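These are the residues of each chain, in order.
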Amino acid sequence: MPEILPEETLREVVNLFVRLVEAAGALVIFSGAAVAFVRFLLAAVGRREGQGFVGVRLFLGRFLVLGLEFQLAGDVLRTAVAPSFGQIGQLAAIATIRTALNFFLGKEIEREGRVVDAGRPVASGGAAGGSGR
């Protein structure tokens with residue numbers, strides 16, 4: 001029975017997809033970093049205490065998380081066609097590292113998001129108000 005799609009052709013198509021997905025991830029990270037840098041400069045010039053920089057970190061963190069997801073998707077695609085055990089092991093290591101990065105970035109975004117929502121600096125203790133009686 002003739003092959004519908006030869007494996008080599010499939011590899012070439014998947015490799016093209018991998019490059020496109022990884023380029024999208026790099027573009028997301030780069031564009032987020034560029035805009036965050038401009039926002040950082042504006043916050044530095046505006047001299048807003050704390051909140052300006054926290055907002056910049058939140059903004060950049062969201063782009064980093066999204067960009068890392070694209071990079072991980074590229075890694076998964078790379079091993080989609082007849083992967084070797086070495087490639088599977090490499091994917092497992094990369095996926096673990098990127099997932100851990102995403103987890104900790106997500107936690108940081110969540111924590112700083114609560115700080116921004118509460119309108120208080122990150123380093124504040126519990127004595128910033130409320131009923132002390």
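Summary of the structure given here. Just so you know, these numbers come straight off a predicted model, no measurement behind them.

Definitions and cut-offs
- Residues numbered from 1 in each chain as written.
- Predicted model: local features only at pLDDT ≥ 70, side-chain atom pairs only at ≥ 80, totals over all residues.
- Heavy atoms only, no water.
- Helix = DSSP H or I, 4+ residues; strand = E, 2+ residues; numbered from the N terminus.
- Expected span 1.5 Å × (residues − 1).
- Buried < 20%, exposed > 50% of the residue type's maximum accessible area, 1.4 Å probe, protein only.
- Salt bridge = Lys/Arg side-chain N within 4 Å of Asp/Glu carboxyl O.
- Phe/Tyr/Trp six-rings, centres within 6.5 Å; stacked < 30°, edge-to-face > 60°.
- Lys NZ or Arg CZ within 6 Å of the ring centre and 35° of its normal.

Notes on the environment of L27
And then number 1: Note on placement: L27 falls in helix α1 (residues 7-46).
And then number 2: Along the primary structure L27 and F70 are separated by 43 residues, whereas in three dimensions their C-alpha atoms are 10.0 Å apart.

Considerations on helix α3 (residues 85-118)
And then number 1: Its 34 residues place the ends of α3 49 Å apart at the C-alpha level, agreeing with the 50 Å of an ideal helix rising 1.5 Å per residue.
And then number 2: Listing the buried residues of α3 in full gives L91, N102, I109, E112, G113 and V115.

Details of the pattern of salt bridges
And then number 1: The full count for this structure, using the stated rule, is nine salt bridges.
And then number 2: The shortest N-O distance in the salt bridge between E108 and R57 comes to 3.0 Å. You can see E108 sitting in helix α3 and its partner R57 sitting in helix α2 (residues 51-78), a full 51 residues away along the chain.
And then number 3: Judged by its relative accessible area of 26%, E108 falls in the partly exposed class.

Topic: the packing of aromatic side chains
And then number 1: By the definition in use, this model includes four aromatic pairs.
And then number 2: An angle of 50 degrees between the planes, with centres 5.6 Å apart, marks the rings of F40 and F53 as tilted. Residue F40 is found in helix α1, and its partner F53 is found in helix α2; the two are separated by 13 residues along the sequence.
And then number 3: Assessed through its relative accessible area of 35%, F40 is described here as partly exposed.
And then number 4: Summarising the aromatic geometry, the rings of F103 and F104 are spaced 5.1 Å apart at their centres and angled 75 degrees between planes, so their arrangement reads as edge-to-face.
And then number 5: Given the relative accessible area of 57%, F104 is considered exposed.
And then number 6: Here a set of aromatic residues connected by ring pairs shows up, and it is made of F37, F40 and F53.
And then number 7: Over the ring of F59 we find R39; its NZ or CZ atom is 4.4 Å from the centre of that ring.

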